[in-house]
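For reference, the chains in residue letters:
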Protein chains: 2
Amino acid sequence: MKAKILREYAKLIAQKGVNIQKGQEVWITASLDQPNFVEMLVKECYALGAKKVVVDWVCDKLTVLDSKYMTQEALNEMPNWQIEKMKYQAEVLPARIYLDSDDPDGMKYARQDKLANERIAKYAIRKPYIDAMDNKYQWCIAAVAGRDWAKKVFPGESPAKAVEKLWEAILYTSRAQSTPIENWNKHNKDLHAKCDYLNSLGLKYLQYSASNGTNLRVELLENANFLAGSEKSLQGIEFNPNIPSEEVFTTPKAGAAEGIVYSTKPLSYQGALIENFYVKFEGGKVSEVHAEKNEELLRQMVSMDDGAKMLGECALVPYDSPINNSGILFYNTLFDENASCHLALGRGFSNCIKDFDKYTQEDFDKMGVNTSMIHVDFMIGDSTLDIVGETKDGRKIQIFKDGNWAF
Amino acid sequence: MKAKILREYAKLIAQKGVNIQKGQEVWITASLDQPNFVEMLVKECYALGAKKVVVDWVCDKLTVLDSKYMTQEALNEMPNWQIEKMKYQAEVLPARIYLDSDDPDGMKYARQDKLANERIAKYAIRKPYIDAMDNKYQWCIAAVAGRDWAKKVFPGESPAKAVEKLWEAILYTSRAQSTPIENWNKHNKDLHAKCDYLNSLGLKYLQYSASNGTNLRVELLENANFLAGSEKSLQGIEFNPNIPSEEVFTTPKAGAAEGIVYSTKPLSYQGALIENFYVKFEGGKVSEVHAEKNEELLRQMVSMDDGAKMLGECALVPYDSPINNSGILFYNTLFDENASCHLALGRGFSNCIKDFDKYTQEDFDKMGVNTSMIHVDFMIGDSTLDIVGETKDGRKIQIFKDGNWAF
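Because the structure is a prediction, the values reported are computed rather than measured. (Residues numbered from 1 in each chain as written. Chains lettered and ligands numbered in written order. Predicted model: local features only at pLDDT ≥ 70, side-chain atom pairs only at ≥ 80, totals over all residues. Heavy atoms only, no water.)

**Focus: the relation of the copies chain B and chain A**
Applicable threshold: We place the copies in one frame by least squares, fitting the C-alpha atoms of every residue whose pLDDT is at least 70 in both. Contact definition: two residues touch when any of their heavy atoms are within 4.5 Å.
Mapping chain B onto chain A calls for a rotation angle of 180° and an axial translation of 0.0 Å; the resulting RMSD is 0.0 Å. What the rotation and shift describe, once combined, is the action of a two-fold rotation axis. Using C-alpha coordinates, one finds that chain B approaches the rotation axis most closely at Trp81(B), a distance of 2.6 Å. Interface residue correspondence from chain B to chain A reaches 100%, placing this contact among same-surface, isologous pairings.

**So, the pattern of salt bridges**
As a reminder of what qualifies: Each salt bridge in this description consists of a side-chain nitrogen of Lys or Arg and a carboxyl oxygen of Asp or Glu lying within 4 Å of one another. Working definition: helices are DSSP H or I runs of at least four residues, strands are E runs of at least two. Numbering for both runs from the N terminus. Between buried and exposed lies partly exposed: a residue is buried under 20% and exposed over 50% of the maximum accessible area for its type, with that area taken using a 1.4 Å probe on protein chains only.
Applying the stated rule across the entire model yields 42 salt bridges over all chains. Residue Arg175(B) pairs with Glu246(B) through a salt bridge whose shortest N-O separation is 2.9 Å. Placement of Arg175(B) in the loop between α8 (159–173) and α9 (180–201) and of Glu246(B) in the loop between β9 (238–239) and β10 (248–250) is noted, with a sequence separation of 71 residues between them. Note on Glu246(B): relative accessible area 9%, which makes it buried. A network of salt bridges, in which partner residues are shared, links Lys127(A), Asp131(A), Asp134(A) and Arg347(A).

**Side note on the packing of helix α1 (residues 3–17) of chain A against helix α2 (residues 35–47) of chain A**
Residues and elements named next belong to chain A. This is how the line gets drawn: Angles run from 0 to 180 degrees between N-to-C directions of axes, and those axes are lines fitted to C-alpha atoms, restricted for helices to the stretch in contact. Under this scheme an angle from 65 to 115 degrees is roughly perpendicular, one under 35 degrees roughly parallel, and one over 145 degrees roughly antiparallel; angles in between are oblique. With the far helix as reference, a near helix turned anticlockwise by less than a right angle produces a left-handed crossing, and one turned clockwise produces a right-handed crossing. Amino acids are sorted into nonpolar (Ala, Val, Leu, Ile, Met, Phe, Trp, Tyr, Cys and Pro), charged (Asp, Glu, Lys and Arg) and polar (every other residue, Gly among them).
At a closest axis distance of 9 Å, the pairing of α1 and α2 adopts a crossing angle of 50°. By the angle between their directions, the pair α1 and α2 is classed as oblique. You can see that α1 and α2 cross each other, and the crossing is right-handed. Contacts between α1 and α2 involve Ala3, Leu6, Arg7, Tyr9, Ala10, Lys11, Ile13 and Ala14 on the former and, on the latter, Phe37, Met40, Leu41, Glu44 and Cys45. Residues that form the contact of α1 with α2 fall into these classes: ten nonpolar, no polar and three charged.

**Digging into the packing of aromatic side chains**
All names here are of chain A. The criterion, for reference: Classification of ring pairs uses Phe, Tyr and Trp, with its six-membered ring standing for Trp, and accepts pairs whose centres are within 6.5 Å; under 30 degrees between planes counts as stacked, over 60 as edge-to-face, and the remaining range as tilted.
As enumerated under the stated definition, the model contains 33 aromatic pairs over all chains in all. On the basis of an interplanar angle of 50° and a centroid distance of 5.7 Å, the ring pair of Phe37 and Trp167 is categorised as tilted. Here the residue Phe37 occupies a position in helix α2, and Trp167 occupies one in helix α8 (residues 159–173), the gap between them amounting to 130 residues. Pairing Phe249 with Phe349 gives two aromatic rings, centres 5.1 Å apart and planes at 65°, and the pair type is edge-to-face. Highlighted residues: Phe249 in strand β10 (residues 248–250) and Phe349 in the loop between β16 (342–346) and α13 (361–367), separated in sequence by 100 residues. Under the relative-accessibility criterion, Phe249 is labelled buried at 6%.

**Here's the deal with the side chain of Ser174(A)**
Along the chain, the position of Ser174(A) falls in the loop between α8 and α9 (180–201). Sequence-distant contacts of Ser174(A), that is, excluding residues within four places in its chain, are made with Tyr9(A), Leu12(A), Trp184(A), Ile243(A), Pro244(A) and Phe335(A).

**A word on helix α3 (residues 60–69) of chain A**
Every buried residue of α3(A) is accounted for by Leu62(A), Val64(A), Leu65(A), Asp66(A) and Ser67(A). Tucked inside the fold, the buried residues of α3(A) contact α4 (72–76) and α6 (112–133) of chain A together with α2 (35–47) and β2 (52–58) of chain B.

**Brief notes about the confidence of the model for chain A**
Low pLDDT marks regions whose predicted coordinates should not be analysed in detail. For clarity, the cut-off: Each residue carries a pLDDT value, the predictor's own confidence for that position, ranging from 0 to 100.
This prediction gives chain A a mean pLDDT of 95; 100% of its residues lie at or above 70. Prediction confidence for the complex, expressed as pTM and ipTM, is 0.91 and 0.89 respectively.

**What about the environment of Ile181(A)?**
All names here are of chain A. By the element assignment, Ile181 lies in helix α9. Each C-alpha atom of the pair Ile181 and Ile83 lies 37 Å from the other, and the pair is 98 residues apart in sequence. Residue contacts for Ile181: discarding those within four places in its chain leaves Leu12, Gln15 and Lys16.

**Some details on the sheet that holds strand β7 (residues 227–228) of chain A**
Strands belonging to one sheet form pairs held by backbone hydrogen bonds; the direction of such a pair is parallel or antiparallel. Note the following rule: Note: two strands are recorded as paired if DSSP finds a minimum of 2 bridges between them.
The strand order across the open sheet built from five strands is β7-β10-β15-β16-β17 (chain A), with neighbouring strands paired in antiparallel fashion. A strand with exactly one partner marks an edge of an open sheet, and here the two such strands are β7 and β17 (375–379) of chain A.

This is the structure:
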């Protein structure tokens, strides 16, 4: 991919993605295999006046080794300096960029059971800092074409060609092939108009049905908005948490879903693929799961904590979306979630609540914004999906028809 | 390079280099470009019973950007979590492995002045932790064939061929081409025998002279030993701090050198090469420096602090050494220092002092073990170098003759 185009993409991430403020710190999380793109991005961050750019390098292969050879006790340890690091971030509120280039199969050989236990143990320590930072900083997840990821998506191509094709697909779906900043200004305008319409309806329920057997009724929160595209932090700084982003989403009422829903795409979770699965809700909580592949991992996922059994997101994405039309299965949530209507199990979004700056974490818990250490999207959209909205007074409004927007 | 040979080399580093103890933590510092070798090394660490292996990834290119775009104030900041990290290491005493694969020119475009100020500012904070860990943990510096480094050493070769040749040179000089563990057992025996002889002489001075004009008299410490090869931590754990290592060295008396000494190889300092230089000592301290290239950097180096103007190491390496005989200029201190007699400006070695476990840092300062934030080796050996030792009672013993051991 040409350096000029990649530089424009890096600028998009720094400027529209996290919208770095002069004098702000920036923390980037990136995989080892992307030193050149990270260097470009760091330059763009400094060009926007970042005070300091810190890069946390991650390497799945080493996490796999840790999971195999470390004892559970050693894995669960959180030394004081790591707590101080979180405390520092909660104080400084850096802009955070997560570059995703991981091999979808990179964690296949990890000891998932031990890593799950580790997450549970550490979440208790991390939670106060996560809550303290909630809605107070800009963040953005964007993708970079990793070699192993590219080989998974384009198995028939040479590694170099696969990387080139994945870059093309990333830039196309991220609306970053040319004039990315202008594209995103227009895109956000379109998405915000959809939200305004949906928020004007006063919906209480969403009723999902599809030919695969999906039949699910989800209760929404009375004071929750639909959001899409750019958001604003509590300081009023606009940022785009996901590049790409096609979804219009809200945070549903935790513990208020009934029925069954079938997956329409594989779910990449902890570096493994859970395939052809369904999730059944009774009394608002997951009562049954089944998967043709990696059912155990799915079961483990919904057992992480109480919130992992309840919905934290309902996202609407037309079947006729750029990502879906590309015909590419990315094996990556950032893309696949923007190709299909989806739900998420786990943590909800407090910033969907109207006037969210007026409430505390406790208020959100009481309202029914789900809380959990996980937030995992799974795809449920196909060309037969119908979604009917129902207002408090029983009025029914078609939201999706045959997989696409009905309005 | 064949994976089997690299695995043996990784084992050498883990077993003889840092000699990991069961249940010990290991911290590895490595450059981004070495994920595969690091993965091998981490496996070997776990195989020896490491409790946890942490990798700190570094990237010169980002340090260059930081030095350019961050303010001096921001560079000098040391957030609390980084202090807690040092505190943690001083408590836990991990084995530390430094993998060196850096491009010798990697820092050429950095703002060296700002980085020097940063080091000065941070050293004041770091010093108590450095002192607290001194001699209490095993550490090892070893090399990995980085691409840019290889291109510098073998400019005429294709990148792949250059890397292959650098690997060969590293493994040859590190005595790791076959049966590395056995080689190092034998090598240590040879080196320790040389130390025993030198320590039996009771030398008070070393008088250096060579045809290039070098004429330097260095006073030694009465209670300092010559050391070489493997050392022992205060806990009695044997380790090899340098792979390769050919030098026999001692810590001279700080502030007690007189004369002039000429460099015989370029000095790679902060990613830049200082070439064809001399250093003049008067009253024990550097009184004058001159370099044909990067004199300003040399001047900055000796101005870092008071100790940077005084000697911290005298190392004896025969001109007829494997590294020198390879005819390769590595542009890397780990190798070039083992091809030639050298001196170091800056921090001395308290573990050269007889019964060093009985003294405090204050005692070492009083004795004349140099203290400084820098420790920089520079090469002074050539085929004409003579070194004459002089005992307290005026007896003279030829140590080096025409660049090689005289005994």
